[in-house]
Amino acid sequence: MNREHWGSRFGFIMAAAGSAIGLGNVWRFPYVAGENGGGAFLLIYLAIIAVFGFSLAMTEIALGRATQRNPVGAFRQLGGRLWTPAGYLGVIAGFVILSFYCVVAGWTLAYIGFMARGLLGSTDPAVLGQSFEAFIGDPWIPLYYAAGFMALVVLVVSSGVGRGIERANKWLMPALFLLLLILLIRAVTLPGAGEGLRFLLMPDFSKVSGATFGAALAQAFFSLSLGMGCLLTYGSYLSRSTRIPTTTATVVGLDLLASLMAGMIVLPVVFSFGFDPSSGPGLTFVTLPAIFASMPGGAIFGVMFFLLLAIAALTSAISILEPAVAYFVDEYGYTRRRTVSICALVCLALAVPSSLSFGHWSGLKILDRSFFDLMDYTATNLMLPLGALLTSLFVGWRWAAGARREIFEGTGIAGIWISVWLLVLRFVAPAGLVWIFLASSGLL
Ligand code: PHE
């Protein structure tokens, strides 16, 4: 069977950037950066992205392009039965991630409407905090929104790679950057914005510790969608003529740009109105609406902000579903449409306990965590680092010559850089990943 390919290099870059730029950039990055020493964190984050993120992203794309297969098929073809579980891990991680990602994405959809209808008019975070809790604690309404969000994902993914995924990203990603730009201009021209920028950009090395490196590493690979075969699957629709190093560099650069812009929007806004930047997820759904309510024209900027979040979440969710879909389509020959609907229904079914864990089932704790937190933790802190670890070990030690040819042949890149790449895959990335793994499972 002929595999479908991206229509253009631009299409691939938009799709891969769409995967990378998600909720992780807009709500997580600003406060993680702020809490971990601002500019000092940024320097560490930049170094980690440049060395580790970039090498691993190229490697995943190469695995997909060389095999023209889904994660399971790719690992089986190159590594045999022993390595196939590395592919299954990615497919399963996709279901787990999407099951809680669609809950939060549903909230962003709901908040576009609340903002537009002026329902969040209070400037008091306590009041907004209560309405947020009441909303996410409702047994039905958040699930309707999650289902609505999944319907959008299904619509795009079932239309195929070129007509669905590529086309959606080619429109949505430029729109996302336009929204980022408008919001950025608004944010940095607020009185007192300088303090927020200073918080983000001024290095404070006193806040740097071992944990800072762990936080930067975890943020880097979540943000680049590494470790679950997203880039691998997108790479499998890439044609031979595309150069992997420069194309990957563009994607990684766009992801970084989006994070920085989000940081330069959120932190000046928060500082300008004298709020606390380290309030985590509540920052997005409680603090920011309070600020929008007290800003001239704030409702419009509020709608734009939640639209931005929804677009970012949608383009990422599409890429989270695609590896599983590619797996069933490639390996069993199922039709794309049917596969997409069934996979989405499975995710939605798993989303039900996640969503209820903010209300009716909030008392239910598994291993000391709510169902939502358990899914988030299992995927982000265990499955993704493990997936990335297996990928770097596999390519570094089993498929180095093949990957080297796939990535660097004909690019004229100097041998020293190729050695650095191999060194990262063989030693630096595995060591770093084992470290986050131990640290986040509380063993360290
Ligand atoms: N990179 C996405 C974000 O920043 C999340 C994601 C993780 C997407 C893993 C795909 C795979 O929100």
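Draft legend 1. Quick peek at the pattern of salt bridges. For the structure shown, the criterion picks out seven salt bridges. Between Lys170 and Glu166 there is a salt bridge, and its shortest N-O distance comes to 3.8 Å. In this pair, Lys170 and Glu166 are both assigned in helix α8 (residues 161–188), four residues apart and thus about one turn of the helix distant. Looking at Glu166, the relative accessible area reads 3%, which means it is buried. Close ionic contact of Arg336 with Glu322 constitutes a salt bridge, the shortest N to O distance being 2.9 Å. Pair noted here: Arg336 is in helix α15 (residues 336–356) and Glu322 is in helix α14 (residues 298–332), with a separation of 14 residues, a long-range link. Neither Arg336 nor Glu322 differs from the other in exposure class; each is buried. Each of Arg65, Arg240 and Glu406 takes part in one network of salt bridges that share partners.

Draft legend 2. View of a nonpolar patch on the surface. The grouping of Trp361, Leu364, Ile366 and Leu367 at the surface amounts to a nonpolar patch, some 410 Å² of accessible area in total. Within the fold, Leu367 resides in the loop between α15 and α16 (371–398). Among the residues examined, Leu367 registers a relative accessible area of 71% and is labelled exposed.

Draft legend 3. Unusual backbone geometry, seen in detail. Phi at Leu367 is positive, roughly 50°, even though this residue is not glycine. With phi around 75°, Asp368 is a residue other than glycine that occupies positive phi space. Among the secondary structure elements, Asp368 is positioned in the loop between α15 and α16.

Draft legend 4. Quick look at the packing of aromatic side chains. Within this structure, the stated rule accounts for 33 aromatic pairs. Seen from their ring centres, Phe358 and Phe372 are 4.9 Å apart, and the 65° between their planes marks the pair as edge-to-face. With a gap of 14 residues between them, Phe358 in the loop between α15 and α16 and Phe372 in helix α16 connect regions that are remote in the sequence. Judged by relative accessible area, which is 9%, Phe372 ranks as buried. The cationic tip of Arg369 hangs over the ring face of Tyr377; the distance from NZ or CZ to the ring centre is 3.8 Å.

So, how was this worked out
- Residues numbered from 1 in each chain as written.
- Predicted model: local features only at pLDDT ≥ 70, side-chain atom pairs only at ≥ 80, totals over all residues.
- Heavy atoms only, no water.
- Salt bridge = Lys/Arg side-chain N within 4 Å of Asp/Glu carboxyl O.
- Helix = DSSP H or I, 4+ residues; strand = E, 2+ residues; numbered from the N terminus.
- Buried < 20%, exposed > 50% of the residue type's maximum accessible area, 1.4 Å probe, protein only.
- Patch = residues over 30% accessible without salt bridge, like charges linked within 9 Å, V, L, I, M, F, W, Y side chains within 5 Å.
- Areas by Shrake-Rupley, 256 points an atom, 1.4 Å probe, with all protein chains shown as cover.
- Phe/Tyr/Trp six-rings, centres within 6.5 Å; stacked < 30°, edge-to-face > 60°.
- Lys NZ or Arg CZ within 6 Å of the ring centre and 35° of its normal.

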